[in-house]
Every structure is written in structure tokens, then in C-alpha cells.
Amino acid sequence: MKPIAPSDWVVYRKRKHSSAPGPRATNVSAAPRGETYSYAVDKYWVVKEILDDQRAVLITRTGKEHTVSLADPNLRRASWWERLTKKGRFRETQALLRDS
């Protein structure tokens, strides 16, 4: 498998907690008393750069940056299906890289 490189389209599965999971939430589980939920949401980001310490700087559609280890099991390359169905999200984010 080819290593992740700058400009690659990636998916990061982010863990979240709230009282109302959104429609894209997966792996939803209720807290013991049911006030909140724990769930995961797939984030469609683009690799801005690879750092020397085996971490990647990822950029979001809104321009925020996140630094994540390349060994993080929640980070993966976008599948061909995600590249096809989510290409608008990825292209919006790539436009931010070109403009910066």
C-alpha cells in the first residue's frame, strides 16, 4: 500500500460525545444513564504536509488544521467510493491548499 503523501484525500474517524448525535454518526452508544451518546463521525480531510516525526498535518473544509500520527488507526486513505461520492468535499478542501 502506498504511504500517505501531501495532497492525498484521507478519512479520519473522529470520536465525539453529545446529547444528540447527527445523521452521519456511526457506532452510537448511550452513556450508562442515557443523558449523552458516544459515537464516531467520518471526517473527509486533505493532507497538507507530512512532518519528520511521522505525523500528518490535515486540513479541514473550513481551513482548520489537525496534526495526527500516521500510525493512528482512525486515519486512512479515502476509498474509491468515498473519492467518487465525497469529491465535492475533498475539492473544496484542496482549493484551500492552493489558495494558501
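Parameters and conventions
- Residues numbered from 1 in each chain as written.
- Predicted model: local features only at pLDDT ≥ 70, side-chain atom pairs only at ≥ 80, totals over all residues.
- Heavy atoms only, no water.
- Helix = DSSP H or I, 4+ residues; strand = E, 2+ residues; numbered from the N terminus.
- Buried < 20%, exposed > 50% of the residue type's maximum accessible area, 1.4 Å probe, protein only.
- Contact = heavy atoms within 4.5 Å.
- Areas by Shrake-Rupley, 256 points an atom, 1.4 Å probe, with all protein chains shown as cover.
- Lys, Arg positive; Asp, Glu negative; His and termini not counted.
- Charge placed at Lys NZ, Arg CZ, Asp CG, Glu CD.
- Salt bridge = Lys/Arg side-chain N within 4 Å of Asp/Glu carboxyl O.
- Phe/Tyr/Trp six-rings, centres within 6.5 Å; stacked < 30°, edge-to-face > 60°.
- Patch = residues over 30% accessible without salt bridge, like charges linked within 9 Å, V, L, I, M, F, W, Y side chains within 5 Å.

**Some words on the overall build of the protein chain**
Okay, step 1: In terms of regular secondary structure, the protein chain is built from two helices and six strands.
Okay, step 2: Reading the protein chain from its N terminus to its C terminus gives the helix and strand order β-β-β-β-β-β-α-α.
Okay, step 3: Expressed along its principal axes, the backbone C-alpha trace of the protein chain runs to roughly 45 × 30 × 25 Å.
Okay, step 4: Counting the 100 residues in the protein chain, one finds 31% classified as buried.
Okay, step 5: Restricting to contacts in the protein chain with at least 6 residues of sequence separation, those with at least 24 account for 52%.
Okay, step 6: Here the protein chain displays about 6,600 Å² of accessible surface, and carbon together with sulfur accounts for 50% of that area.
Okay, step 7: Of the side-chain charges in the protein chain, 20 are positive and 11 negative, and the distance between the mean point of each set is 7 Å.

**Details of the pattern of salt bridges**
Okay, step 1: Within this structure, the stated rule accounts for five salt bridges.
Okay, step 2: Between D8 and R77 there is a salt bridge; the shortest N-O distance is 3.0 Å. Here D8 is found in the segment before β1 (9-18), whereas its partner R77 is found in strand β6 (residues 75-77), with 69 residues between them in sequence.
Okay, step 3: A relative accessible area of 23% places R77 in the partly exposed class.
Okay, step 4: Across the pair D53 and R55 runs a salt bridge whose closest N-O atoms are separated by 2.8 Å.
Okay, step 5: According to the relative accessible area criterion, D53 is partly exposed, its value standing at 45%.
Okay, step 6: Of the residues examined, R55 reaches a relative accessible area of 34% and is grouped as partly exposed.

**Considering the packing of aromatic side chains**
We describe a pair of aromatic rings using the distance from one ring centre to the other and the angle between the two ring planes.
Okay, step 1: This structure, assessed with the given rule, holds four aromatic pairs.
Okay, step 2: Where W80 meets W81, the ring centres are 5.6 Å apart and the plane angle is 80°; that geometry is what we call edge-to-face.
Okay, step 3: For W80, a relative accessible area of 65% corresponds to the exposed category.
Okay, step 4: Taken together through their ring pairs, the aromatic side chains of W9, Y44 and F90 make up a single cluster.

**A few points about a nonpolar patch on the surface**
Okay, step 1: A cluster of nonpolar residues, W80, W81 and L84, forms a patch on the protein surface that exposes about 420 Å² of accessible area.
Okay, step 2: Position of W80 relative to the elements: it lies in helix α1 (residues 80-85).

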